[in-house]
Amino acid sequence: MEEFRRTYLRLCKEGGVAPQESVVAQLQENRAAHSTRLDLSGKSLSVDTCSVLARSFQTDTIFTEVWLSDCMLSEEGAKVLLTGLFGNTTVKILDLKGNNLRSGGAEVLGKLLARNQSLRRLVLEWNALGVWDEAFSLFCEGLASNSMLTQLDLSNNQINQHGASELALALKHNTTLEVLDLRWNNIGLLGGRTLLEAFQKSKCVVQLKLAGNNIPSDTLKALEQTAGHNSDRQHTLRESHRKTQVLCKEIQTLKDKKSNQYLSLMETIDRQQGEIGRSNRSTSIQIGQLQEALNERKSAVNSLTAKLQMTEAALALSEQKNHNMKELLTRVKAEKEEQREQQSKERKKEQEDCVQRESKLLREIQNLSETNMQLRNKVEHVNRNLEVSERALQERIFKLEGQRIQLEEELSKAKAVCVTERAQAEEELGRVRAQVRLEEQERVSALEEKLRSVRSSLQEVQLHCSQQKQTISELQAKTSQQSIEMDGLRRRIEELQQELSGKDQEKVAEVSRVRVELQEQIGHLQAERTAQGGLKEKICALEREIKVLSSNHREALLDKESEMSSMLEKLRLKEAEIQRMRADEANRASYLQNAILTYVQGSPLGHYSSPKK
């Protein structure tokens, strides 16, 4: 408010115009009251003051209402003032009552209506806009192109039949005007008919005032009924628009709820798939641990065979040292044969134990594979149930189809990856078994070759003994020393036998430890089986929840569809009633028109002057 007052004073000073005291006083009152209404009613405004106000209005102000009634505006002052409001975007109400605006004012008002995009109400009561037909035609053109004005007061403007026809033509193109005041003009019978035809085509005017226009009562009644029909139609349209918005909001909320439920279901399925993947990984880790244990057993067997080879080498050295003692050699041979038999028995026992352990491991692996197959069948059953539920939901929710297809593709890829990994693991286990068997065959063949070499060496020793019989007499002196050495060798053999017995005990302890570990792994597998049973129960509960949600969703959609059908039926009935009323009104208007034409043809027309308010 203070800024507008300063702008007014500054523009007066720049233009060399003395500011009017009435205008300054009114601006000070508005400043004190913090009002957005500029009321200069009853104050005479000069052309210079109008020019300054127009320049002030060209910049957006805080005023939303401008009241300039009975200001005795001249043609030039009105043109200047209204030109300043062309680009204004804040003024919503303009009152120009009782300013005797004529042709120039009508032209400028037409331009104002064509250019201004903020004016909602225009009061032009007690002016003379309808005296000049051409100027009023320009005003009506501006009204036809306006898309913001809702209320127009043209009472007491000397509007005749031609002005009424121009106004009717403008109302056919205008789609926002709701209230029109045309009281106390000179529209007459033909102008009333023209307005009636225009209002029958235009559906926006809901309030019309036509008192004091020499229009017959039946025509006035028809115009009022048309306005009432327009009002009812606007009310019905607003109600239907409001109800459709409410229905759209409810449908959108239902869609949001169903989408959230679907997303939560997908999250639970993803979590279950993750748990299944973790269980598969844990089983693969356990298989790897068992494979590592088997490798450790193989390394232990290899170490035992290496020690056995060392003992055989020691025995071979002892045979080479005592090759000239036949009796002793025979004893040593017998002992060696016994040791070999025992070792062969032990190797056979170890091989049997290894075969039994391998068979146990194979049975456990088969059990694990069966459990995995059962899990896979359960997952497939769950997936089939999910696909059935998704097909049921797909009938109502088309937009989620792409997501479901993507999820199914990802699930199939994950299944393929699991199958390939399992096949790779089985192939690797087969390769390891074949490699172990080849190594055992190679060890057996190596041992047989060593036995053959030992036998050939024994034959060579026998030949060498036959050759050395001649030198026995020379070696009798050394017999005592050789006996001492044989005692040492016997003690060494006893120590080796004790070491072998200790190794056997360690082997038995290790086998018991492996059995305990296998029992613990079996307990873990049983716990996982119970966990998988709990997951199965959760999946069944989720399936039941999906069925309940789908049934609720179907019932809600059916209810909404029934409500929408009932609303559409009501709208159809209302439109049929409106059409029937329109037909009745048209028939009535035609009857009245025929009656009036017969009356006019039978008697001369009278001219009446409009009374002054």
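An unreviewed UniProt entry annotates the protein as Leucine-rich repeat-containing protein 45 originating from Scophthalmus maximus. What UniProt records for the protein under Subcellular location (unreviewed entry) is the sentence "Cytoplasm, Cytoskeleton, Microtubule organizing center, Centrosome".

Trainee: Account for the nonpolar core, with residues named and values stated.
Mentor: Residues L124, F139 and L152 are the most contacted members of the largest nonpolar core, which totals 61 residues. Setting aside residues up to four positions removed in sequence, L124 forms contacts with L96, L101, L109, L129, F139, L152, D153, L154, S155 and N157.

Trainee: Please provide a residue-by-residue account of helix α7 (residues 161-173), values included.
Mentor: Look at α7: 19 Å from first C-alpha to last across 13 residues, which is about the 18 Å you get at 1.5 Å a residue. Among all positions in α7, only G163, A164, L167, A168, A170 and L171 are buried. Projection of α7 onto a plane perpendicular to its axis shows the buried side chains occupying an angular sector of 165 degrees, all on one side. Along its buried surface, α7 packs onto α6 (133-145), β6 (179-181) and α8 (188-201). Capping of α7 at its N-terminal end is provided by N160; its side-chain oxygen lies 3.3 Å from the backbone amide nitrogen of H162.

Trainee: Quick one: what's the story with the pattern of salt bridges, residue by residue and with numbers?
Mentor: Close approach of charged atoms allows side chains of opposite charge to pair. The final tally for this structure, using the stated rule, is nine salt bridges. Note that R37 and D39 form a salt bridge whose closest N and O atoms lie 3.7 Å from each other. Residue classification places R37 among the partly exposed positions, given a relative accessible area of 35%. By relative accessible area, D39 is classed as partly exposed at 24%. Among the ionic contacts, a cluster of salt bridges with common partners joins E250, K560 and E563.

Trainee: Go over the packing of aromatic side chains, please, and point to the residues and values.
Mentor: Within the structure shown, the criterion is met by one aromatic pair. Geometry around W67 places R37 over its ring, the cationic atom sitting 4.2 Å from the centre.

Trainee: I'd like a description of unusual backbone geometry, backed by residues and values.
Mentor: In this structure, M72 takes a positive phi of about 50 degrees despite not being glycine. By the secondary structure assignment, M72 is in the loop between β2 (65-67) and α4 (75-83). A positive phi angle, close to 55 degrees, is found at N100, a residue other than glycine. With respect to the helices, strands and loops of the structure, N100 is situated in the loop between β3 (93-95) and α5 (103-115). Judged by relative accessible area, N100 falls into the partly exposed class, the value being 43%.

Trainee: Which residues make up the environment of L196, and what values do they have?
Mentor: With respect to the secondary-structure elements, L196 resides in helix α8. Assessed through its relative accessible area of 10%, L196 is described here as buried. Between the alpha carbons of L196 and L220 there is a distance of 8.8 Å; along the sequence they are 24 residues apart.

How each quantity is defined
- Residues numbered from 1 in each chain as written.
- Predicted model: local features only at pLDDT ≥ 70, side-chain atom pairs only at ≥ 80, totals over all residues.
- Heavy atoms only, no water.
- UniProt positions renumbered as here; feature names shortened; annotations may be inferred.
- Core = buried A, V, L, I, M, F, W, Y, C linked by side-chain atoms within 4.5 Å.
- Buried < 20%, exposed > 50% of the residue type's maximum accessible area, 1.4 Å probe, protein only.
- Contact = heavy atoms within 4.5 Å.
- Helix = DSSP H or I, 4+ residues; strand = E, 2+ residues; numbered from the N terminus.
- Expected span 1.5 Å × (residues − 1).
- Arc of directions from axis to C-beta.
- Polar contact = N/O pair within 3.5 Å; in protein donor to acceptor, adjacent residues only side chain to side chain.
- Salt bridge = Lys/Arg side-chain N within 4 Å of Asp/Glu carboxyl O.
- Phe/Tyr/Trp six-rings, centres within 6.5 Å; stacked < 30°, edge-to-face > 60°.
- Lys NZ or Arg CZ within 6 Å of the ring centre and 35° of its normal.

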